[in-house]
Amino acid sequence: MADEKAVLTGMHFMSGDIACAEGAIAAGCRFFAGYPITPATEIAEHIAARMPKVGGIYIQMEDEIASIAAVIGASYAGLKAMTATSGPGFSLMQENIGLAAMTEAPCVIVDIMRGGPSTGQPTLPGQQDVMQAKWGSHGDYEIIALAPSSVQEMFDLTIEAFNLAETYRVPTLVMADEVVAHMWERVVIPPAEKIKIVNRKKPNTPPNRYMPFMPDDDLVPPMACFGEGFRFHATGLTHDEYGYPRTQSSEVQTRLVQRLCDKIRKNAEKIIRVEERMLDDAEIVVFAYGIVARAALSAVRKAREQGIKAGLLRPITLWPFPEKHVAKAAEKAKAIIVPEMNCGQMVREVERAAKGTPAYHLPKLGEEPHTPMEILEFIRRHTR
Amino acid sequence: MPEKFWRTPLDIEKISKFKAEIHILKDQCKGCGFCIQYCPKKVLEESDEINARGVHPPRVVDEKNCILCSFCTAVCPDFAIFVKEKQCKDGC
Amino acid sequence: MTEAVEQHPLSKYLRAAMMPHIWCAGCGNGIILNAFVHALDELQIDFNKLVVVSGIGCIGRAAGYTNVDSFHTTHGRPIAFATGVKLANPKLEVVVISGDGDLFAIGGNHFIHAARRNIGIKVICANNFNYGMTGGQVGPTTPLDALTTTTPYGNIEHPFNLVHLATAAGATYVARWTTLHVRMLTMSIKKLLQKKGFSFIEVISPCPEIYGRYNKMQTGLEMMEWFKKASVIANFSDPAKAEITPERIIVGEFVDFEKPTYEELLYSKMAQIMKKAEG
């Protein structure tokens, strides 16, 4: 159950960034380390003002690398911790996101995507980081990434990100775009007792028999924190269940890395969420996420009015990728339209999962997201 | 306590000279030689035996000369040597 | 082998399952670890409240060898990680043990900011003048003209004067010792553990296998003899004049004062704000 003082129950008019910050606080986040970057700066500013009031810590670190390192440290010291950034900062954080994945540190990283690559278009939306969310760091690992498409979802999905991070001991990403972050919409914040909060599993073995990386049946090890008397070791090197480095063993590497991947893959059913609209008899499926999904829904409705059997499949979870949902929708569909604000990223996953049903990419880069008319036009073009 | 006194202390009957026991964990030693070199009383020297690591661990020349300064204990990088005061009844 | 180390009186501070350590014969890292656990023992420190964080490098393995909560981070980041730990739980004693390259090349930015902020973490730097773990490349403290694998014709870079850097960045305790000055080092570590603010000890440490061998000091003993010949104890001298040269290594304490730490200011401000919010 959420902390009552921290939850601003009621109806609000907020921007996405502010809703995300409030979601984090409602979820129990009490440590934020960040660095200013457009368009995520407002999250840091709002948290700087709110955190002290709920007994949490805000620190502006010297760069994004330090921010994510401090977040992992705070997580290991027992707090729910978060950072927020955009493309350039997200790139800087990748090494330590890998460290969080390897040491199974629960944490939330918010990436407000903007036009890239490099400095790009700081004040305009993009969806160019979605593949980087999955493959950004070196090595084999799995993360969870959520894509909010409304300000309400910025609130709700930030809470869900914390719950997932704590459940699976994995860095969880909130991949929003600049439009969702900066637009202002109505947000309903429920009473604290209605907000579901998940905390990390604590060990039930005594300290002298605790193995920090020995998984339970769900492949997730219970997590002790510094200062609780467990005196354990964690390292970014390949390690055994005691946390000790075992860099020369293929057996240990296989066991560890496979488990880090299986932890998410085998629990994918419980993690994946999608929104399906008018999909039952859809012949044209529109696969869209983030702000683009809003225009896509409008386009799908208009298409239906014009007699086209269109449907919307909106992934709320970008990673793990909702393969089964795409495969099912693809069975009856003649084509899948994938409007994205990039040169073709999630469309590749859709193609792979669609097993033969053609997927058509509709890119739009810079300035503004797709309009419903643009998507409708594209749908009509592929209705033959 | 020194072997010879320039003036005999009045409580010499009551105070007994401490004795040191030097423990060498031979197979921990990597043969760096710091303990041998920096012992102020030159109590240690390199032995002829070869330990599990293929080096010559130190050996005690004369334990009676050890003044329990514990410098060897402090300077050993491998936790391979330590000195303790010998706990014994009178007539040690 | 592990049975052997358990006989040692300080073995309770060491992780028996990971001993013996990987460090070379004559490597100063073992001496630093030894001095550290001596200090812990003399202070009878609560080692359930101690966290050791290390970076990448030979000395980085030290976190794994101490029998306390420990974390081995990515290269250069132990100080940033330690900042998160200390702020999340200020009751923990957080000590960063890492190397000259990890703390001052890739990690340089984190060092100066943590010192500037006066985060109450303690930093022990094993300065062996090169990147030993990767085979002996030049580092930010490699002396001018020294030979390393990436300066085969002699180093043309001026090295950092770490005590000067730490002092200028705002550290509240700055000391330099060599691994020969083990007793003073232990004393300094004890002081370090009792300070409130950001504290730093630079330990000049032999790397005989690599740095020593390339620079005409084949064994640990030869390097230690260099320390013996060149070091001068000068407490509270000017850190700006304490550059290390082959002829002179000034050791001692340079700075020792207190000023409000980041976490003191943070938590007192938070208390004020929370009181105002309720009242």
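Just so it is clear, the structure is predicted and the values come from calculations on it, not from any experiment.

Q: How should the pairing of strand 3 (residues 93-99) of chain C be read in this particular structure?
A: Successive side chains on a regular strand alternate, one facing one side of the sheet and the next facing the other. All names here are of chain C. For strand 3, a buried count of seven out of seven residues is recorded, marking the element as mostly surrounded by other parts of the structure. Here strand 3 shows a buried face lined by E93, V95, I97 and G99 and a second buried face lined by V94, V96 and S98. Two elements, strand 1 (residues 50-54) and strand 3, share five bridges in a ladder whose sense is parallel. Among the inter-strand pairings, V51 is bridged to a residue of strand 3, identified as V94. Pairing of strand 3 with strand 4 (residues 122-127), which is carried by five bridges, proceeds in the parallel orientation.

Q: Honestly, the pattern of salt bridges in this entry has me stumped. Any pointers?
A: For the structure shown, the criterion picks out 40 salt bridges over all chains. Put simply, E22 of chain A and R50 of chain A hold a salt bridge, and the shortest N to O gap is 2.8 Å. Pair noted here: E22 of chain A is in helix 1 (residues 16-27) and R50 of chain A is in helix 2 (residues 41-50), with a separation of 28 residues, a long-range link. Given a relative accessible area of 2%, E22 of chain A falls into the buried group. Between E49 of chain B and K26 of chain B there is a salt bridge, with the nearest N and O atoms lying 3.5 Å from each other. In this pair, E49 of chain B sits in the loop between strand 2 (44-46) and strand 3 (58-60) while K26 of chain B sits in the loop between strand 1 (20-24) and helix 1 (34-38), placing the two residues 23 residues apart along the sequence. Each of K191, K195, E253, D256 and E258 of chain C takes part in one network of salt bridges that share partners.

Q: Whenever I open this one, the side chain of T186 of chain C confuses me. Can you help?
A: Residue and element names in this part refer to chain C. Inspection of the secondary structure puts T186 in helix 8 (residues 182-194). Residue class for T186 comes out buried when judged on its relative accessible area of 7%. Discounting residues that sit within four places of it in the chain, T186 has contacts with A35, H38, A39 and E42.

Q: When you look at helix 7 (residues 162-169) of chain C in this model, what are you seeing that I'm missing?
A: Every buried residue belonging to helix 7 of chain C is among L162, V163, A166 and A169 of chain C, and all of these are buried. Buried residues of helix 7 of chain C, seen end-on, are gathered within an arc of 135° and therefore sit on one face of the element.

Q: Even after reading the chapter, I still don't get the sheet that holds strand 5 (residues 173-178) of chain C, so can you show me in this structure?
A: Within a beta sheet, neighbouring strands are joined by backbone hydrogen bonds and run either parallel or antiparallel to one another. If you trace the nine strands from one edge of the open sheet to the other, you get 10(A)-2(C)-1(C)-3(C)-4(C)-6(C)-5(C)-8(C)-7(C), paired in mixed fashion. The open sheet terminates on both sides in strands that have one partner only, identified here as strand 10 (233-235) of chain A together with strand 7 (231-233) of chain C. Each neighbouring strand pair of the sheet contributes to a mean axis angle of 20°, computed without reference to strand direction. Where helix 2 (residues 28-43) of chain C meets the sheet, it contacts strand 1, strand 3, strand 4 and strand 6 (199-204) of chain C, and its direction lies at approximately 155° from that of strand 4 of chain C. The sheet strands contacting helix 4 (residues 78-88) of chain C are strand 1, strand 2 (69-72), strand 3 and strand 4 of chain C, and the helix crosses strand 3 of chain C at an angle near 175°.

Q: It is not clear to me how the interface of chain A and chain C should be interpreted in this structure. Could you clarify?
A: For interface size, the figure often reported is the accessible area lost on association. With 42 residues of chain A at the contact, the number on the chain C side is 40 residues. Of the roughly 3,300 Å² buried at the junction of chain A and chain C (both faces included), carbon and sulfur atoms supply 64%. Broken down residue by residue, the surface that chain A buries against chain C is led by E62, F226 and R231 of chain A, which jointly contribute 22%. Across the chain A-chain C interface, the total number found is one salt bridge. Among the ionic pairs, E62 of chain A bridges to R117 of chain C, the shortest N-O distance being 3.0 Å. When residues of the side of chain A that touches chain C are traced back to their parent elements, those giving at least two are strand 3 (57-60), helix 3 (64-76), helix 4 (87-102) and strand 10 of chain A. Its residues assigned to classes, the side of chain A that touches chain C comprises 25 nonpolar, 11 polar and six charged.

Cut-offs used in this document
Residues numbered from 1 in each chain as written. Chains lettered and ligands numbered in written order. Predicted model: local features only at pLDDT ≥ 70, side-chain atom pairs only at ≥ 80, totals over all residues. Heavy atoms only, no water. Buried < 20%, exposed > 50% of the residue type's maximum accessible area, 1.4 Å probe, protein only. Helix = DSSP H or I, 4+ residues; strand = E, 2+ residues; numbered from the N terminus. Pairing = 2+ DSSP bridges. Salt bridge = Lys/Arg side-chain N within 4 Å of Asp/Glu carboxyl O. Contact = heavy atoms within 4.5 Å. Arc of directions from axis to C-beta. Axes fitted to C-alpha atoms, helices over the stretch in contact; angles between N-to-C directions. Buried area = accessible area lost by both parts, 1.4 Å probe. Nonpolar A, V, L, I, M, F, W, Y, C, P; charged D, E, K, R; others polar.

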